[in-house]
Amino acid sequence: MQIATHYTRDLKRTYRVSARLHRGAFRLYGALGALVVLYAGLGAWSAAFSLGTAATYAAAGIVLGLLPGAGTWLSLLRNREVFAVDVNVEVTDTGISSRTATRSTDIQWGMVRRVLETPDCWIFVVNRLQAVTLYKAALSPLQRAQLTDFLNTRL
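Summarised in this report is the structure supplied together with it. What you are looking at is a predicted structure, and each value in this text was computed from that prediction instead of being measured.

Reading guide: rules and limits
Residues numbered from 1 in each chain as written. Predicted model: local features only at pLDDT ≥ 70, side-chain atom pairs only at ≥ 80, totals over all residues. Heavy atoms only, no water. Helix = DSSP H or I, 4+ residues; strand = E, 2+ residues; numbered from the N terminus. Expected span 1.5 Å × (residues − 1). Buried < 20%, exposed > 50% of the residue type's maximum accessible area, 1.4 Å probe, protein only. Contact = heavy atoms within 4.5 Å. Core = buried A, V, L, I, M, F, W, Y, C linked by side-chain atoms within 4.5 Å. Pairing = 2+ DSSP bridges. Axes fitted to C-alpha atoms, helices over the stretch in contact; angles between N-to-C directions.

### Regarding helix 2 (residues 23–45)
Here comes step 1: A rise of 1.5 Å per residue sets the reference length of helix 2, with its 23 residues, at 33 Å; its end C-alpha atoms lie 32 Å apart and thus fit the reference within 8%.
Here comes step 2: Gly-33, Ala-40 and Gly-43 are the residues of helix 2 that are buried.
Here comes step 3: Residues of helix 2 that are buried sit in contact with helix 3 (51–78).
Here comes step 4: In the stretch just after helix 2, Ala-47 is the one whose phi turns positive, near 60°.

### Considerations on the nonpolar core
Here comes step 1: Core analysis: the biggest nonpolar cluster contains 25 residues, and Val-91, Ile-96, Trp-109, Phe-124, Leu-134 and Leu-147 have the highest contact counts within it.
Here comes step 2: Of all the secondary structure elements, the ones that give two or more residues to this core are strand 1 (2–8), strand 2 (86–92), strand 6 (121–125), strand 7 (131–135) and helix 5 (141–154).
Here comes step 3: Per element, the largest residue contribution to this core is 5 residues, and it comes from strand 6.

### Focus: the sheet that holds strand 1
Here comes step 1: Spatial ordering of the open sheet is given by 1-2-3-4, a layout of 4 strands whose pairing is antiparallel. Edge strands, defined here as strands with exactly one partner in the open sheet, are strand 1 and strand 4 (104–108). Going across the sheet, the axis of each strand differs from the next one's by a mean of 10°, ignoring polarity.
Here comes step 2: Seen against the sheet, helix 5 touches strand 1 and strand 2 and runs at an angle of roughly 120° to strand 1.

Read these as layout, nothing more, since geometry by itself doesn't imply function.
What follows is the structure, given as structure tokens:
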């Protein structure tokens, strides 16, 4: 099998990939934020503290819940020139390689821990800090079918 493709990364897909890879942190902060908002509502309802204090707690809970998403998006915007680049990806029987103007990654299939499939891309995860993405829109229907069959038999 030999699949080669070229695409330009965009910030929205990069954000979705990052959110997928760090969904545990997104869920944790969302749950903590919801608990703080609930605490603010219960405190105001029971008159344990003033409405101003409840509003402060509620605002803090909302910020806490939105923190991972906002932080990720701001980081992507601040480093746009690193993330929004042209990518050449090649998938073979031996592994997957990804090349940009400043970075080159070659991964053997034995190094791939898991493959995550999202509606618009595949994410080949090596470890906590290294992953290669392949946009489905960059592949023809035949290439998508070949890759899906290969992944189903190989991994």
